[in-house]
Amino acid sequence: MIGRSAADGPRLLVGSHSESQNHAGWLDGALGVIYGLEVARAIHETPDGAGLAVDVVSFADEEGHYGAFLGSRSLCGLLDDAEIGRLVDRSDGTPLRAALERAGFAGRPREQIAPARYKGFLEAHIEQGDYLESSNLSLGIVTSIVAIWQYRIRFEGEQNHAGTTRMTARKDAGLALVRFADAIDRRFPEVAGERTVWTTGRITLDPGAPSIIPGRAEMLFQFRDADPDRLTLLEQTLEQLVQGADAAGPCRCRLEVISRSEPKIMDPRFQDALKTAAERHAPGRHTRMPSAAGHDAQILAQRVPAGMLFVPSIGGISHHWREDTREEDIVLGCQVMATAAVTILRS
Ligand SMILES: [Zn+2]
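Bear in mind the structure is a predicted one, so any value in this text is a computation, not a measurement.

1. Details of unusual backbone geometry
- A cis geometry characterises the amide bond from D206 onward to P207, with omega recorded as 5°.
- Mapping P207 onto the fold places it in the loop between strand 8 (197-206) and strand 9 (212-213).
- For D61, which is not glycine, the phi dihedral falls at a positive 50°.
- With respect to the helices, strands and loops of the structure, D61 is situated in the loop between strand 3 (53-59) and helix 2 (70-75).
- Despite not being glycine, Q128 has its phi angle at roughly 70°, a positive value.
- In this structure Q128 comes out as buried when scored by relative accessible area, which is 19%.

What follows is the structure in structure tokens.
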């Protein structure tokens, strides 16, 4: 959903997404959309804002109920019809085409961004972590959105009887996997950056029965960082660990790359505009920081200059109904967005 300003001056797109995860909170996404409306209205009502145009956007399905970043990817020409035809709601299996039809969008042409029309895109969002709160800060100016590198690591041993196979004769793929996950956790801190994070998100044991020694095991593993050199170092370290585990036996260990995204740098001029605005409204209570989560701004950044502002999440909680932000931080963030929007539109 896009709201267009009637002004004919330079144009800025401001917004975020309007849906969230199931049973999640009230600010993830929606905060940035409401900021967009408020910034557009404030600039329209102020004599200072004469001629400046703020368009407001509310993207759908940033969270991946059907795909991921569907609204922003569609606007940016990064979502083709074939993919739309394949996607289904992960909760109830409804095809995306059926959902679009039910919403009255069947057959309607999709909006495409015209990059030449825009100075860029600004998105505000809750931090969803506890960095700002634990640092006693009210505002985060996003420098980049981290890359996510994902892997499948497979272990191959020997499936056998859990009662009759002597401990010394076993090739237990499940045990090899658990030891490997532990090895990552001991080795990675030595090569990780200050904000590197890594996660084993899924473990599968095959055949997965209490009386059978697993013959095969598989783990899905990811790490995130904003620095390309750091990402390469982490991958090299993972490769070394896999080679070491494979050589040590008794199980075979194999590494497969699933995906490697690139960090998306936020426009330096937009960062500066947000920083100057933050210093004006909240001297000393702001910082530059990378985003550890994905956002629509990383999609828009592929078409137009993009910038992002974070406000603190109480207790670092998000994707949960307890998600919240102090009211004064919500107000402050919107004031900073409005000031930065005017600076960018006048530049
Ligand atoms: Zn979000």
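Right, picking up where we left off after that structure.
2. Comments concerning the packing of aromatic side chains
- Going through the model one piece at a time under the given rule, you end up with 8 aromatic pairs.
- Both rings, one in F59 and one in F121, keep their centres 6.1 Å apart while their planes meet at 65°; by these two values the pair is edge-to-face. One end of the pair, F59, is in strand 3; the other, F121, is in strand 4 (residues 120-126), with 62 residues separating them in the sequence. With respect to burial, F59 and F121 carry one shared label: buried.
- Taking the centre distance of 5.5 Å and the plane angle of 65° together, the rings of F155 and F180 count as edge-to-face. Here F155 is found in strand 6 (residues 147-156), whereas its partner F180 is found in helix 6 (residues 173-191), with 25 residues between them in sequence.
- You can call F155 buried: its relative accessible area is 3%.
- In this structure F180 comes out as buried when scored by relative accessible area, which is 3%.
- Pairwise contacts between aromatic rings join W149, Y151, F188, W198, F221 and F223 into one cluster.
- If you follow R195 out to its NZ or CZ, it ends over the ring of Y131, 4.1 Å from the centre.
- Just above the ring of W149 sits the side chain of R260; from NZ or CZ to the centre is 5.5 Å.

3. Some thoughts on the coordination of the zinc ion
- Protein-derived coordination of the zinc ion comes from H17 (NE2), D28 (OD) and H125 (NE2), at a distance range of 2.0 to 2.2 Å.
- Along the chain, the residues donating to the zinc ion are arranged with the sequence spacing H-x10-D-x96-H. Of this pair, D28 sits in the loop between strand 2 (11-17) and helix 1 (30-45) while H125 sits in strand 4, and the two are 97 residues apart along the sequence. The burial state of D28 is the same as that of H125; both residues are buried.

4. Points about the side chain of R170
- Along the polypeptide, R170 turns up in the loop between strand 7 (160-161) and helix 6.
- Notably, R170 is buried but unbridged: the nearest opposite-charge side chain belongs to D172, and the N-O separation is 5.0 Å.
- At 3.1 Å, the side chain of R170 and the backbone oxygen of T165 are in polar contact.

5. A few points about the sheet that holds strand 6
- Strand order in the open sheet formed by 4 strands is 8-10-6-11, and the pairing between neighbours is antiparallel. In this open sheet, the two strands that pair with only one neighbour each are strand 8 and strand 11 (252-260). Direction aside, the axes of adjacent strands within the sheet are offset by 20° on average.
- As judged from the 9 bridges shared by strand 8 and strand 10 (residues 216-225), these two strands associate in the antiparallel manner.

6. What to know about the layout of surface pockets
- As a volume, the largest pocket reaches approximately 1100 Å³.
- Contributing to the lining of the largest pocket are 29 residues, with M1, S74, L100, F105 and R110 lying nearest its centre.
- Where the lining of the largest pocket is concerned, the elements lending two or more residues are strand 3, helix 2, helix 3 (81-86) and helix 4 (96-102).
- Here the element with the most residues in the lining of the largest pocket is helix 4; it accounts for 5 residues.

7. Structural notes on the nonpolar core
- By size, the foremost hydrophobic cluster in this structure holds 34 residues, and its most contacted members are L122 and M337.
- Sorting the residues of this core by element identifies strand 2, helix 1, strand 3, strand 4, strand 5 (139-145), helix 8 (268-281), strand 14 (306-311) and helix 10 (327-346) as the ones contributing at least two each.
- Examining the composition of this core, we find that 10 residues originate from one element, helix 10, more than from any other.
- For L122, the contacting residues outside a window of four places in its chain are L12, L13, V14, G15, F270, L274, G307, M337, A341 and I344.
- Counting 22 residues, the second largest nonpolar core, distinct from the first, contains L75, I145, M266 and L300.

8. Considerations on the pairing of strand 4
- With 7 of its 7 residues buried, strand 4 lies for the most part within the structure.
- Residues G120, L122, A124 and I126 line one face of strand 4 and the alternating positions F121, E123 and H125 line the opposite face, and both faces are buried.
- Examined bridge by bridge, strand 2 and strand 4 share 3 bridges and lie parallel to one another. For V14, the partnering residue across the bridge sits in strand 4 and is L122.
- Where strand 4 and strand 14 come together, 6 bridges link them in parallel fashion. Along strand 14, the bridge assignment pairs H125 with F310.

Criteria and thresholds
- Residues numbered from 1 in each chain as written.
- Predicted model: local features only at pLDDT ≥ 70, side-chain atom pairs only at ≥ 80, totals over all residues.
- Heavy atoms only, no water.
- Helix = DSSP H or I, 4+ residues; strand = E, 2+ residues; numbered from the N terminus.
- Buried < 20%, exposed > 50% of the residue type's maximum accessible area, 1.4 Å probe, protein only.
- Phe/Tyr/Trp six-rings, centres within 6.5 Å; stacked < 30°, edge-to-face > 60°.
- Lys NZ or Arg CZ within 6 Å of the ring centre and 35° of its normal.
- Donors = N, O, S within 2.8 Å, 3.2 Å for Na, K, Ca; no water.
- Lys, Arg positive; Asp, Glu negative; His and termini not counted.
- Salt bridge = Lys/Arg side-chain N within 4 Å of Asp/Glu carboxyl O.
- Polar contact = N/O pair within 3.5 Å; in protein donor to acceptor, adjacent residues only side chain to side chain.
- Pairing = 2+ DSSP bridges.
- Axes fitted to C-alpha atoms, helices over the stretch in contact; angles between N-to-C directions.
- 1 Å grid on protein atoms, 1.4 Å probe; cavity = no way out; pocket = protein on both sides within 12 Å on 5 of 7 lines; lining within 4 Å.
- Points joined across faces, edges and corners; volume = space filled by probe spheres on them.
- Core = buried A, V, L, I, M, F, W, Y, C linked by side-chain atoms within 4.5 Å.
- Contact = heavy atoms within 4.5 Å.

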